[in-house]
Amino acid sequence: MEDIGVGFKVSTPFPDGELWGDETVVPLEELLAEPVTRVTFRDPSSTSEEFSELVERMGLHGVSYAVGWSAWLDLAPEGVSKASALEQVRRHLHVEPYRTVAVGDQRNDCEMLVWAACSYAMGQGPPEVLAAADRVTGPVEEDGLVDALEEVLAELA
């Protein structure tokens, strides 16, 4: 559970470097005591493929979910995604839909990549992410985002 401005309350510690901010281990009852905007499950002992199979078998209904780069699962209320959040920001800022650009590299980015008028998948992303994007750029390790930004800026010139 995100502890805004501080870090996260967790039932079990996450592997080092996976969460930003402080991690506080609390009893499950404390995690269930308040409404939350997102629930994250992580199984460091599973591969991404094994975890994806488990998620499929769970048959989640009434929630949106995305399996990340590892055995990581984000649950959110149905209809809540990066795309839905960006659509609210776009409308608030009065940005025309054709001027939207998104870059992503994980399964939880797929809806956002489809939403944007121009979208880039980072080269190391899984196949479904690459398929969701309009374009594929280099991987993170090769600064693929720089290439994508240079391309977008060149099109504006």
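Residues numbered from 1 in each chain as written. Predicted model: local features only at pLDDT ≥ 70, side-chain atom pairs only at ≥ 80, totals over all residues. Heavy atoms only, no water.

Novice: Please explain unusual backbone geometry as it appears in this structure.
Specialist: Peptide bonds are mostly trans, and most non-glycine residues show a negative phi. Backbone geometry places His 94, a non-glycine residue, at a positive phi of 60°. Inspection of the secondary structure puts His 94 in the loop between helix H3 (82-92) and strand S7 (101-104). Take His 94: its relative accessible area is 70%, and that puts it in the exposed class. One non-glycine residue, Asp 143, lies in the positive phi region at around 60°. As for its placement among the helices and strands, Asp 143 is situated in the loop between strand S9 (135-137) and helix H6 (144-156). (Helix = DSSP H or I, 4+ residues; strand = E, 2+ residues; numbered from the N terminus. Buried < 20%, exposed > 50% of the residue type's maximum accessible area, 1.4 Å probe, protein only.)

Novice: What's the story with the side chain of Ser 119 in this structure? I'm lost.
Specialist: As for its position among the elements, Ser 119 is in strand S8 (residues 118-122). A distance of 2.9 Å separates a polar atom in the side chain of Ser 119 from the backbone oxygen of Leu 113. Those residues in contact with Ser 119 that sit more than four places away from it in its chain are Ala 102, Leu 113, Ala 132, Ala 133, Asp 134 and Arg 135. (Polar contact = N/O pair within 3.5 Å; in protein donor to acceptor, adjacent residues only side chain to side chain. Contact = heavy atoms within 4.5 Å.)

Novice: How do you make sense of the state of the cysteines when you look at a structure like this?
Specialist: Covalent bonding between the sulfur atoms of two cysteines is what defines a disulfide. Enumeration over the complete set of coordinates arrives at zero disulfides. This cysteine, Cys 110, is not joined by any disulfide, and Cys 118 carries the nearest cysteine sulfur, 16 Å off. (Disulfide = S-S within 2.5 Å.)

Novice: Please clarify how the sheet that holds strand S2 (residues 7-10) should be interpreted in this entry.
Specialist: Two strands in a sheet stick together by hydrogen bonds in their backbones, pointing the same way (parallel) or opposite ways (antiparallel). Strands sit in the order S1-S2-S3 across an open sheet of three strands; the sheet is mixed. Each edge of the open sheet is held by one strand with a lone partner, namely strand S1 (2-3) and strand S3 (22-25). Looking at chain direction, S2 and S3 are connected through four bridges and run parallel. Directly across from Lys 9, in S3, lies its bridge partner Thr 24. (Pairing = 2+ DSSP bridges.)

Novice: Looking at this structure, I do not really get the sheet that holds S9. What am I missing?
Specialist: Across the sheet, three strands lie side by side as S7-S8-S9; this open sheet has parallel pairing. The open sheet terminates on both sides in strands that have one partner only, identified here as S7 and S9. On average, each strand axis in the sheet is tilted by 25° relative to the strand beside it, whichever way the strands run. Across three bridges, the pairing between S8 and S9 is parallel. Along S9, the bridge assignment pairs Met 122 with Thr 137. (Axes fitted to C-alpha atoms, helices over the stretch in contact; angles between N-to-C directions.)

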